[in-house]
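# A closer look at the structure
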Amino acid sequence: MKKTIRVIFMLIAVSWGFEELEKNLPFGWEVKPFDSEFNVSTGRTPPRNLLKWFCSSDAAVKCLSIKDIGLNGCYVLQTNVSLTEDAILKFKIPVILENTTIVSFK
């Protein structure tokens, strides 16, 4: 919970400006780069016009999109797109582990 509050506070800080943030930090808090506390990465998707990388079989790997996050709310259980294992390897698509916190800034 404490880390969640820190993340929210840091996001607010971006809109306020860091100098203002540092003046109003709660006791014991400090300003740090986001990636010093969390693993930060971006996703990738194979070219959509190459259908061979996409599939709907049970063996496919679910591919999370920003749209999926919006449709599912807090816990994403379904995705609109699935990829082949070959697509994951060829395009070096990061695999998100179960119970990972995902943040979108869009």
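Residues numbered from 1 in each chain as written. Predicted model: local features only at pLDDT ≥ 70, side-chain atom pairs only at ≥ 80, totals over all residues. Heavy atoms only, no water.

### Regarding the overall build of the chain
Using the following cut-off: Counting from the N terminus, the helices are the DSSP runs of H or I reaching at least four residues and the strands are the DSSP runs of E reaching at least two. Buried, partly exposed and exposed residues are distinguished by accessible area as a fraction of the type maximum, computed with a 1.4 Å probe on protein chains only: under 20%, between the cut-offs, and over 50%, respectively. By the convention used here, residues are in contact when the closest approach between their heavy atoms is within 4.5 Å. Only the protein chains shown count as covering a residue, and every accessible area follows the Shrake-Rupley method with a 1.4 Å probe.
What the chain contains, in helices and strands, is four helices and two strands. Counting helices and strands in the order they occur from the N terminus, the chain gives α-α-β-α-β-α. With 106 residues in all, the chain has 18% of them scored as buried. Restricting to contacts in the chain with at least 6 residues of sequence separation, those with at least 24 account for 47%. When the accessible area of the chain is evaluated, it comes to approximately 8800 Å², of which 57% is carbon and sulfur surface.

### Overview of the packing of aromatic side chains
The condition is simple: Pairing of aromatic rings covers Phe, Tyr and the six-membered ring of Trp, with a centre-to-centre limit of 6.5 Å; geometry is then stacked below 30 degrees between planes, edge-to-face above 60, and tilted otherwise.
By the definition in use, this model includes one aromatic pair. When the centroid spacing of 5.3 Å and the interplanar angle of 85 degrees are considered together, the rings of Trp53 and Phe91 count as edge-to-face. Separated by 38 residues along the polypeptide, Trp53 in the loop between helix H2 (18-23) and strand S1 (61-63) and Phe91 in the segment after helix H4 (85-90) bring together distant segments of the chain.

### Things to note about the nonpolar core
Side chains of a nonpolar character, in soluble globular proteins, are inclined to be buried together. This is how the line gets drawn: Among buried residues, those of type Ala, Val, Leu, Ile, Met, Phe, Trp, Tyr and Cys that are joined through side-chain atoms within 4.5 Å constitute a nonpolar core.
Counting seven residues, the largest nonpolar core consists of Trp53, Phe54, Cys63, Leu83, Ala87, Ile88 and Ile93. Residues contacting Trp53, with those up to four places away along its chain left out, are Pro46, Ser82, Leu83, Thr84, Asp86, Ala87, Lys90 and Phe91.

### Notes on the side chain of Asp68
Using the following cut-off: His residues and chain termini do not enter the charge count, which takes Lys and Arg as positive and Asp and Glu as negative. Whenever Lys or Arg places a side-chain nitrogen within 4 Å of a carboxyl oxygen from Asp or Glu, that contact is recorded as a salt bridge.
Looking at where Asp68 falls in the secondary structure, it is placed in helix H3 (residues 66-72). Of the side chains with opposite charge, Lys67 lies nearest to the buried Asp68, which makes no salt bridge, at 7.1 Å. The residues touching Asp68, leaving out its near neighbours within four places in the chain, are Cys63, Val76, Gln78, Thr79 and Asn80.

### Overview of the confidence of the model for the chain
Stated formally: A residue's pLDDT is simply how confident the predictor is in it, with values from 0 to 100.
Summing up the model confidence of the chain, the mean pLDDT is 81 and the portion of residues at 70 or higher is 81%. Here helix H1 (residues 2-16) is the element of the chain with the lowest mean pLDDT, 66, and H4 is the one with the highest, 93.

### Comments concerning unusual backbone geometry
Unlike most non-glycine residues, Lys92 shows phi in positive territory, near 50 degrees. You can call Lys92 exposed: its relative accessible area is 62%. We note that Asn99 has phi near 70 degrees; this positive angle belongs to a residue other than glycine. Its location among the elements puts Asn99 in the segment after H4. For Asn99, a relative accessible area of 75% translates into the label exposed.

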